[in-house]
Amino acid sequence: MTRLTAGIIADGVFKVVLGAAYIAGAAPLGRLLGVSGLLMVVSGVALLIGGGIEIGYARSRPVRTCLRLVGAYDSGWGLAPPRGRPDLRYPPQLATALPNWPH
């Protein structure tokens, strides 16, 4: 296994763990972020599925293809929140908890 393959698998495992945390803590995380618990569950399921697929692809696809797919997937997660709800970019709870948070 190459270092890149190990990195892709580690990224997939991180997404699976993060997805499980989103699902397990949907209600408190949703309140903290100012979104519904259902949105947290849906996001968690998407992370679980994406992470699982990423782990599977790392074992069966060339590294170059995996890197392209991971880059596209991660870019979508980075672009979706501010595009979907601009008013939730900087939740007030986080802005007060983190004094250097840009708001």
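Computed from a predicted model, the values in this text were never measured in an experiment.

Engineer: Sorry, what's going on with helix α3 (residues 37-60) here?
Structural biologist: Spacing of three or four residues puts side chains on the same side of an α-helix, whose turn is 3.6 residues. Look at α3: 35 Å from first C-alpha to last across 24 residues, which is about the 34 Å you get at 1.5 Å a residue. Turning to α3, its buried residues number three or more, namely M40, S43, G44, L47, G50, G51, E54 and A58.

Engineer: Can you help me understand the environment of L67 in this one?
Structural biologist: Positionally, L67 belongs in helix α4 (residues 63-84). In this structure the C-alpha to C-alpha distance between L67 and T5, which are 62 residues apart in sequence, comes to 9.3 Å. Those residues within four positions of L67 in sequence are excluded, and the remaining contacts are L4 and I8.

Engineer: Explanation requested: the nonpolar core in the structure shown.
Structural biologist: Counting residues in hydrophobic clusters, the biggest one holds 5 residues: I8, I9, A58, C66 and V70. Those elements that provide at least two residues to this core are α1 (3-24) and α4. Not counting chain neighbours up to four residues away, the residues in contact with I8 comprise E54, A58, V63, C66, L67 and V70.

Engineer: Help me out: how do you make sense of the pattern of salt bridges in this one?
Structural biologist: Where charged atoms from two side chains of opposite charge come close, those side chains can pair. A complete count under the given rule lists 3 salt bridges for this structure. The shortest N-O distance in the salt bridge between K15 and D11 comes to 2.9 Å. Of the two residues, K15 and D11 are both situated in helix α1; the distance of 4 residues between them amounts to about one turn of the helix. Accessibility expressed as a relative area gives 5% for K15, which makes it buried. Judged by its relative accessible area of 22%, D11 is partly exposed. Measuring nitrogen to oxygen at the nearest pair gives 2.7 Å for the salt bridge that ties D74 to K15. With a gap of 59 residues between them, D74 in helix α4 and K15 in helix α1 connect regions that are remote in the sequence.

Engineer: Explanation requested: the confidence of the model for the protein in the structure shown.
Structural biologist: Where the model shows low pLDDT, its predicted coordinates should not be examined in detail. Looking at the protein, the pLDDT average stands at 80 and 76% of residues meet or exceed 70. Confidence scores differ between elements of the protein, with helix α5 (residues 92-97) showing the lowest mean pLDDT of 59 and α1 the highest of 91.

Engineer: Where do I start with the environment of T2 in this structure?
Structural biologist: Tracing the backbone shows T2 in the segment before α1. The spacing of T2 and V63 is 61 residues in sequence and 9.2 Å in space, taken between C-alpha atoms. At a separation of 2.9 Å, a polar atom in the side chain of T2 contacts the side chain of T5.

Engineer: Sorry if this is basic, but what is going on with the packing of helix α2 (residues 26-33) against α3 here?
Structural biologist: The geometry of a pair of packed helices is captured by two quantities: the angle between their axes and the separation between those axes. Close contact between α2 and α3 brings their axes to 8 Å; oriented N to C, the two are set at 115°. Relative to α3, α2 is oriented roughly perpendicular. Once α2 is placed against α3, the crossing between them reads as right-handed. Contact residues: α2 offers A26, L29, G30 and L33, while α3 offers G37, M40 and V41. Here the residues of the contact of α2 with α3 are counted per class, giving 5 nonpolar, 2 polar and no charged.

Conventions we followed
Residues numbered from 1 in each chain as written. Predicted model: local features only at pLDDT ≥ 70, side-chain atom pairs only at ≥ 80, totals over all residues. Heavy atoms only, no water. Helix = DSSP H or I, 4+ residues; strand = E, 2+ residues; numbered from the N terminus. Expected span 1.5 Å × (residues − 1). Buried < 20%, exposed > 50% of the residue type's maximum accessible area, 1.4 Å probe, protein only. Contact = heavy atoms within 4.5 Å. Core = buried A, V, L, I, M, F, W, Y, C linked by side-chain atoms within 4.5 Å. Salt bridge = Lys/Arg side-chain N within 4 Å of Asp/Glu carboxyl O. pLDDT = per-residue confidence, 0-100. Polar contact = N/O pair within 3.5 Å; in protein donor to acceptor, adjacent residues only side chain to side chain. Axes fitted to C-alpha atoms, helices over the stretch in contact; angles between N-to-C directions. Parallel < 35°, antiparallel > 145°, perpendicular 65-115°, else oblique. Left-handed = near helix turned anticlockwise from the far one by under 90°. Nonpolar A, V, L, I, M, F, W, Y, C, P; charged D, E, K, R; others polar.

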